[in-house]
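# Coordinates in review
Take a look at the letters that make up each chain.
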Amino acid sequence: ETGVTQTPRHLVMGMTNKKSLKCEQHLGHNAMYWYKQSAKKPLELMFVYSLEERVENNSVPSRFSPECPNSSHLFLHLHTLQPEDSALYLCASSQPNSTDTQYFGPGTRLTVL
Amino acid sequence: RKEVEQDPGPFNVPEGATVAFNCTYSNSASQSFFWYRQDCRKEPKLLMSVYSSGNEDGRFTAQLNRASQYISLLIRDSKLSDSATYLCVLSTTDSWGKLQFGAGTQVVVTP
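Residues numbered from 1 in each chain as written. Chains lettered and ligands numbered in written order. Predicted model: local features only at pLDDT ≥ 70, side-chain atom pairs only at ≥ 80, totals over all residues. Heavy atoms only, no water.

### Observations regarding the overall build of chain B
Helix and strand content of chain B: 0 helices and 11 strands. In sequence order, the secondary structure elements of chain B are arranged as β-β-β-β-β-β-β-β-β-β-β. Overall, the C-alpha framework of chain B stretches about 45 × 30 × 25 Å when taken along its three principal axes. Considering chain B as a whole, with its 111 residues, one finds that 46% of them fall into the buried category. Considering only contacts in chain B between residues 6 or more positions apart, those separated by 24 or more positions represent 57%. With an accessible surface of roughly 5300 Å², chain B has 47% of that area assigned to carbon and sulfur atoms. (Helix = DSSP H or I, 4+ residues; strand = E, 2+ residues; numbered from the N terminus. Buried < 20%, exposed > 50% of the residue type's maximum accessible area, 1.4 Å probe, protein only. Contact = heavy atoms within 4.5 Å. Areas by Shrake-Rupley, 256 points an atom, 1.4 Å probe, with all protein chains shown as cover.)

This is the structure:
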């Protein structure tokens, strides 16, 4: 069992919809991450939060909006997405140290029609 | 040049055989190195960290060559359950908690 949960596991949305992805970690970590994984491509880091403050925004379009209300929860709000945004969105958590392991949630497979 | 490069494979390996593959990286400031495993349609999971002196975990052996800037993974006595994509992952001294991922090497172990 991963200790990091994500909902929903699958999401299909139209380009005009607004939806949110949720991530919750039960590991006592202080850092949380959003990644995008497209087919045959490396994981792309999108956002990093440490102690509920955003410390990295990796040039992500504004149609993706993260929110971290506390150290255990992370959201990704989606608005006016494009078909090329279809991918697996993975949440991870760790202690904020470059040598520490990141633990991933099962991901949300997003399809934008 | 990609920051982390891996042969995508697939490496087709008979059950019981040995398979090895490398990962090259371009940033000499890379500090920590890992191999993650990702099963089809699942999340990545840490397989093992890679230490300068090389390290072994059961049937898996990881090596680091800083001079040539590559890490390697060797799997002995392959099992069907070893079929997965193996991701090379590293972090640098100038970024905390920020990992860089390779696109992965696919291994398929056949009966």
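### Quick notes on the packing of aromatic side chains
On inspection of all chains with the given rule, the structure shows 12 aromatic pairs over all chains. An angle of 50 degrees between the planes, with centres 5.0 Å apart, marks the rings of B:Tyr25 and B:Phe33 as tilted. Take B:Tyr25 and B:Phe33: they sit in the same class, and that class is buried. Among the aromatic residues, ring-to-ring pairing joins A:Tyr33, A:Tyr35, A:Phe104, B:Phe34, B:Tyr36 and B:Phe101 into one connected group. (Phe/Tyr/Trp six-rings, centres within 6.5 Å; stacked < 30°, edge-to-face > 60°.)

### Description of the sheet that holds strand β3 (residues 18-25) of chain A
All names here are of chain A. An order of β1-β3-β8-β7 is seen for the 4 strands of this open sheet, with the pairing classed as antiparallel. Every other strand in the sheet has two partners, leaving β1 (4-7) and β7 (64-70) as the edge strands with one partner each. The average angle at which neighbouring strand axes cross in this sheet is 20 degrees, direction not considered. Relative to β3, β1 is paired through 4 bridges, and the arrangement is antiparallel. Paired with Gln6 across the bridge in β3 is Cys23. (Pairing = 2+ DSSP bridges. Axes fitted to C-alpha atoms, helices over the stretch in contact; angles between N-to-C directions.)

### Quick look at the state of the cysteines
Residue and element names in this part refer to chain A. As enumerated under the stated definition, the model contains 2 disulfides over all chains in all. Between the sulfur atoms of Cys23 and its disulfide mate Cys91 the distance is 1.9 Å. On the S-S bond that ties Cys23 to Cys91, the torsion sits near -70 degrees, and the link is left-handed. You can see Cys23 sitting in strand β3 and its partner Cys91 sitting in strand β9 (residues 87-94), a full 68 residues away along the chain. Taking the relative accessible area as the measure of exposure, Cys91 reaches 0% and is therefore buried. (Disulfide = S-S within 2.5 Å.)

### With respect to the confidence of the model for chain B
Confidence in the prediction of chain B, expressed as mean pLDDT, is 92, and 95% of residues score 70 or more. In the model of chain B, strand β10 (residues 99-101) of chain B stands out as the element of lowest mean pLDDT, 88, in contrast to strand β11 (residues 105-110) of chain B, which has the highest, 98. (pLDDT = per-residue confidence, 0-100.)

### A short note on the interface of chain A and chain B
Counting residues at the interface gives 27 residues for chain A, matched by 20 residues for chain B. For the pair chain A and chain B, the summed buried surface comes to about 1800 Å²; carbon and sulfur atoms form 58% of the total. On inspection of chain A and its partner chain B, the count reaches 0 salt bridges. At the boundary of chain A and chain B, one finds 2 residue pairs in polar contact (both at pLDDT 80 or more). When residues of the side of chain A that touches chain B are traced back to their parent elements, those giving at least two are β4 (31-37), β5 (44-50), β6 (53-57) and β9 of chain A. The biggest single contributor to the side of chain A that touches chain B is β4(A), with 4 residues. Of the residues that constitute the side of chain A that touches chain B, the class distribution is 13 nonpolar, 10 polar and 4 charged. (Buried area = accessible area lost by both parts, 1.4 Å probe. Salt bridge = Lys/Arg side-chain N within 4 Å of Asp/Glu carboxyl O. Polar contact = N/O pair within 3.5 Å; in protein donor to acceptor, adjacent residues only side chain to side chain. Nonpolar A, V, L, I, M, F, W, Y, C, P; charged D, E, K, R; others polar.)

### Overview of the pattern of salt bridges
Side-chain pairs of opposite charge can arise whenever the charged atoms involved come near each other. Evaluation of the coordinates by the stated rule reveals 5 salt bridges over all chains. The residue A:Arg63 makes a salt bridge to A:Asp85 at a minimum N-O spacing of 2.7 Å. Remark: A:Asp85 occurs in the loop between β8 (73-79) and β9 and A:Arg63 occurs in the loop between β6 and β7; sequence separation between them is 22 residues. Judged by relative accessible area, which is 2%, A:Asp85 ranks as buried. Note that B:Asp77 is salt-bridged to B:Lys79, the shortest N-O span being 3.0 Å.

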